[in-house]
Amino acid sequence: MSPEQTPTPTPTPTPSDALLALLREPAPVCAPALLGATITGKGVTLRITEVEAYSGAVDPGSHGHRGMTPRNRHLFGPPGTLYAYRSYGIHTCVNVVSGPAGQSSGSLLRGAAVVAGTDIARERRGPTVADVALARGPGNLGVALGAVLGADDGTSVLDGSGPYTLRLAPALEARLASAPVAQVVDDLLSGGLVASGPRTGVGGVAGGAAFPWRFWLPGDPTVSAYRRHKGAIG
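Structure report, in brief.

Parameters and conventions
Within each chain, residue numbers correspond to sequence positions counted from 1 in written order. The predicted origin of the model limits local features to residues at a pLDDT of at least 70 and limits the giving and counting of side-chain atom pairs to 80 or more, whereas totals for whole chains, interfaces and linings rest on all residues. Neither water nor hydrogens contribute to the side-chain values; these are computed over all heavy atoms in the structure. Only runs of H or I of at least four residues qualify as helices and only runs of E of at least two qualify as strands under DSSP, and these elements are numbered from the N terminus. What the globule rule says is 2.2 Å times the number of residues to the power 0.38, and the radius of gyration is computed from C-alpha atoms. Working definition: with a 1.4 Å probe on protein chains only, accessible area under 20% of the residue-type maximum means buried, over 50% means exposed, and in between means partly exposed. Whether two residues are in contact is decided by their heavy atoms, any of which lying within 4.5 Å being enough. Here the open area of atoms and residues is found with the Shrake-Rupley method and a 1.4 Å probe, where only the protein chains shown may cover a residue. Positive charge is attributed to Lys and Arg, negative charge to Asp and Glu, and no charge count is given to His or to the chain ends. Lysine's charge is taken at NZ, arginine's at CZ, aspartate's at CG and glutamate's at CD. Note on terminology: a nonpolar core comprises buried Ala, Val, Leu, Ile, Met, Phe, Trp, Tyr and Cys residues joined through side-chain atoms within 4.5 Å.

**Re the overall build of the chain**
Part 1 of the reasoning: Of the regular secondary structure elements, the chain holds six helices and nine strands.
Part 2 of the reasoning: Rg of the C-alpha trace for the chain: 18 Å, near the compact-globule value of 17 Å for 234 residues, within the 12% margin.
Part 3 of the reasoning: Reported as C-alpha extents along the three principal axes, the dimensions of the chain are approximately 70 × 45 × 40 Å.
Part 4 of the reasoning: When burial is assessed residue by residue, the chain has 50% of its 234 residues classed as buried.
Part 5 of the reasoning: Taking all contacts inside the chain whose residues are at least 6 apart in sequence as the whole, residues at least 24 apart take part in 62%.
Part 6 of the reasoning: Approximately 10700 Å² of the chain is accessible, and the part contributed by carbon and sulfur atoms is 58%.
Part 7 of the reasoning: For the chain, the separation between the mean place of its 19 positive charges and that of its 16 negative charges on side chains is 11 Å.

In structure tokens, the structure reads:
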């Protein structure tokens, strides 16, 4: 091969300092700032519109509440790890791990808008599914992404070594570069840019008002419907 024919190497994605700082925070702090971020891979790009935070030992709704097992080990980090699990034996659901390694803290991606690769997402979801419904709900989001349990679980969403890459919304990226994460997240919530409430389909106190860790972009049509668990308390 001549020098003129030598292919140009594809640059390795580099996560920003703002994204790394955000992912050092536990999920209840990190999750609201993931709204508007994009996750890209396997031919599609999704803009995240709804998430739920789950946070280890303090959270009875978390898969990591009782400690590490072979099935949930990737939920324990490091930050920027993709944790996948099977919901109801059917769908693969996708989480982004944050917080200190070993703490079992992650944000479930519950809803998103497909902003690139719509045809690919529709092939995966079905020809009659409306654009706004392609990645609405965590199971549908996993299907639209082409997420595979086992193969994708435990990969990084930061450095291009895994199938997906996570990037923050540009405006939020700039804000995080000039202010502490806690202040930025507080501004999002107090300013009405992000809504919060109890988590969907979670029983006991973990599904009640004591854990208002579902976050979404108000008025966005790709946000899934809230369904309170019949056994939720509070």
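**A word on the nonpolar core**
Part 1 of the reasoning: Core analysis: the largest hydrophobic core is formed by 51 residues, its most contacted members being L22, L46, L109, L145, L166, L176 and F215.
Part 2 of the reasoning: Top contributing element to this core by residue count: strand β2 (residues 44–55), with five residues.
Part 3 of the reasoning: Counting 10 residues, the second largest nonpolar core, distinct from the first, contains Y54, C93, V97 and L108.

**Describing the environment of A225**
Part 1 of the reasoning: Among the secondary structure elements, A225 is positioned in the segment after β9 (214–216).
Part 2 of the reasoning: Residue classification places A225 among the partly exposed positions, given a relative accessible area of 42%.
Part 3 of the reasoning: Between the C-alpha atom of A225 and that of R86, which follows or precedes it by 139 residues, the distance is 20 Å.
Part 4 of the reasoning: If near-sequence neighbours (up to four positions away) are discounted, A225 is found in contact with T200 and R214.

**What about helix α4 (residues 138–145)?**
Part 1 of the reasoning: Extensive coverage of α4 is indicated by the burial of six of its eight residues.
Part 2 of the reasoning: Turning to α4, its buried residues are P138, G139, L141, G142, A144 and L145.
Part 3 of the reasoning: Considering only its buried residues, α4 is in contact with β1 (38–41), β2, β4 (91–97), β5 (105–116), α3 (118–125) and β6 (135–136).
Part 4 of the reasoning: Looking one or two residues past α4, G146 carries a phi angle of roughly 75°, positive in sign.

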